[in-house]
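Tertiary structure, described
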Amino acid sequence: MDSRLIGIALLGSTGSIGTQTLDIVRQFPDRIKVVGLSANNSTKLLSSQIDEFKPKLFNCPSLSSEMKNDKLNGSKHCSYEDMVTDKDVDLVVTATVGDIALLPTVLALKSGKNVALANKESIVMAGQLLMDIAKKNNSKLLPVDSEPNAIWQCIRGENQTLSKLFITASGGAMRNMTDQEKQKVTPALALKHPTWTMGPKITIDSATLMNKAFEVIEAKWLFDVEWDQIEVVIHPQSLIHAMVEFEDGSVKAQISPPDMRLPIQYALLYPERMQNPQLGKFDPVKTGSLTFESVDVNQYPCFSLGLDYGRKNGTWPAVLCGADEVAVESFLKGKIKFVDIPVVIKETLVTHNPLFETKLEDYLEAAEWARNKAEEIIN
Ligand SMILES: NC(=O)c1ccc[n+]([C@@H]2O[C@H](COP(=O)([O-])OP(=O)(O)OC[C@H]3O[C@@H](n4cnc5c(N)ncnc54)[C@H](OP(=O)(O)O)[C@@H]3O)[C@@H](O)[C@H]2O)c1
């Protein structure tokens, strides 16, 4: 195999990040080879992806056991464990939603593979554990999420201590709404993100700003900074994805049109930057103003909950993720109102008995406990 050809296992290939990752593979077929693909319900799309990319392995939990035994276009069904540790895989891309990616991420890191981390729930739930495993096994967590990816780009080539990180937020679909208007928000309205096109869970998390709290937690672990060194600012244009301040007061910003394919490509081809005609360019004159505001925490109760319980560490962040998953899903199904999302999460959190000397199973169990508790509260 060409030493410049990188073998990837893509978990969640049929979702928003997954399909955009495959767009990057299409652009750079001499550089990226798909070794494994995995999805769940979108079996038709997965099957067409298998036809196109001819991966050695695939994984699809929803298939019947007979179908799992059949080879799809020469591709063999296997477990997550076998896929992420396969000898031809150099990089595992985690593009599933929720905590399904946590175990495969641990296995990949333990077997010395790098992980292009799009899935934020895994690092939110078990940040310290993942960083420790990566360090011990000489493997790397490469951030795909646009804000931590922007920080990673800004610190490239710097041997300086970071003094501050600024993470930007568009403010989501309901930024300028009154409390009364928020009472009537429908799933269809909340799913209309002003600047990004993403999967449903993260779009709602962006509207509540839970997503930004998750990114603060993600940045804390990835860049080894103190909580107080991270500030979130509202930047409605979504062109600056993050800024890094160094000790002399100089600030570097990463700017690009809101398109996840750029951070995905950066993580996949790192350390190379390559031309991709699909990606738009930033035009400062056409853009005009770039504006910033502080976050009104009263407007975004999920943001404060996320930061408060993220800082507490132990099993708290796992409970935060589990409760948020059920609350968002219930809102999307019309079972609760948009404004009930933080209520359900808070009620779940306050009944949790946390563990602090934690191992992998504790995080998974805490998230499962939170999902059940949140369901109970909603019902
Ligand atoms: N979308 C973005 O722009 C963006 C940006 C930054 C970070 N992220 C993060 O990236 C992750 C993925 O987000 P997304 O927006 O791409 O989500 P999405 O569009 O909802 O896609 C989720 C993917 O996960 C798969 N999946 C769900 N349950 C599964 C299971 N039990 N087993 C195997 N696969 C399963 C889905 O497969 P099926 O469709 O086949 O069921 C789908 O391929 C999230 O953690 C999100 O926070 C996303």
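What comes next is a walk through the structure. Quantities reported herein were computed from a predicted structural model and do not represent experimental measurements. (Residues numbered from 1 in each chain as written. Predicted model: local features only at pLDDT ≥ 70, side-chain atom pairs only at ≥ 80, totals over all residues.)

Comments concerning the packing of helix α5 (residues 102-110) against helix α6 (residues 120-136)
Helix packing for two helices is described by the angle between their axes and how far apart those axes are. Two numbers describe how α5 lies on α6: the axes approach to 10 Å, and their chain directions differ by 10 degrees. If you check the angle between α5 and α6, you find them roughly parallel. Contacts between α5 and α6 pair Leu102, Thr105, Val106, Leu109 and Lys110 from the former with Ser122, Met125, Ala126, Leu130, Ile133 and Ala134 from the latter. Considering only residue class, the contact of α5 with α6 consists of 8 nonpolar, 2 polar and 1 charged. (Axes fitted to C-alpha atoms, helices over the stretch in contact; angles between N-to-C directions. Helix = DSSP H or I, 4+ residues; strand = E, 2+ residues; numbered from the N terminus. Parallel < 35°, antiparallel > 145°, perpendicular 65-115°, else oblique. Contact = placed C-beta atoms within 7 Å. Nonpolar A, V, L, I, M, F, W, Y, C, P; charged D, E, K, R; others polar.)

Examining the site of the ligand
Around the ligand, the structure places 28 residues, and the nearest of them are Gly12, Gly15, Ser42, Met198 and Gly199. Mapped onto the shell around the ligand, the elements with two or more residues apiece are α1 (16-27), α6 and α10 (200-208). Of the residues in the shell around the ligand, the class split is 11 nonpolar, 13 polar and 4 charged. (Near = placed C-beta within 6 Å.)

Things to note about the sheet that holds strand β5 (residues 91-94)
Strands sit in the order β4-β3-β2-β1-β5-β6-β7 across an open sheet of 7 strands; the sheet is parallel. What marks the edges here is a single partner per strand, and that holds for β4 (76-77) and β7 (141-143). Inspection of the sheet shows β5 paired to strand β6 (residues 114-117) by 4 bridges, in the parallel sense. If you follow Val93 over to β6, its bridge partner there is Ala116. The strands that α5 touches are β1 (6-11), β5 and β6; relative to β5, the one it contacts most, it runs at about 165 degrees. (Pairing = 2+ DSSP bridges.)

Details of unusual backbone geometry
In this structure, Pro271 follows Tyr270 across a cis peptide bond, with omega equal to 10 degrees. Tracing the backbone through its elements, the reader meets Pro271 in the loop between α12 (261-269) and α13 (284-287). Phi angles above zero are rare outside glycine, and Asn138 is one such case at about 55 degrees. In this fold, Asn138 is placed in the loop between α6 and β7. The backbone phi angle of Asp224 is positive, close to 50 degrees, even though this residue is not glycine.

Thoughts on the sheet that holds strand β10 (residues 240-246)
Pairing is mixed in the open sheet, where 5 strands are placed in the order β11-β10-β8-β9-β12. Each edge of the sheet is formed by a strand with only one pairing partner; in this case those strands are β11 (251-255) and β12 (293-294). With 5 bridges connecting them, strand β8 (residues 162-169) and β10 associate as antiparallel partners. Across the sheet, the residue bridging to Ile167 is Ala242, located in β10. Here helix α7 (residues 146-155) sits on the sheet and contacts β8, β10 and β11; the angle it forms with β10, its principal contact strand, is near 40 degrees. Packed on one face of the sheet, helix α11 (residues 210-223) meets β8 and β9 (230-234) and runs near 155 degrees to β8.

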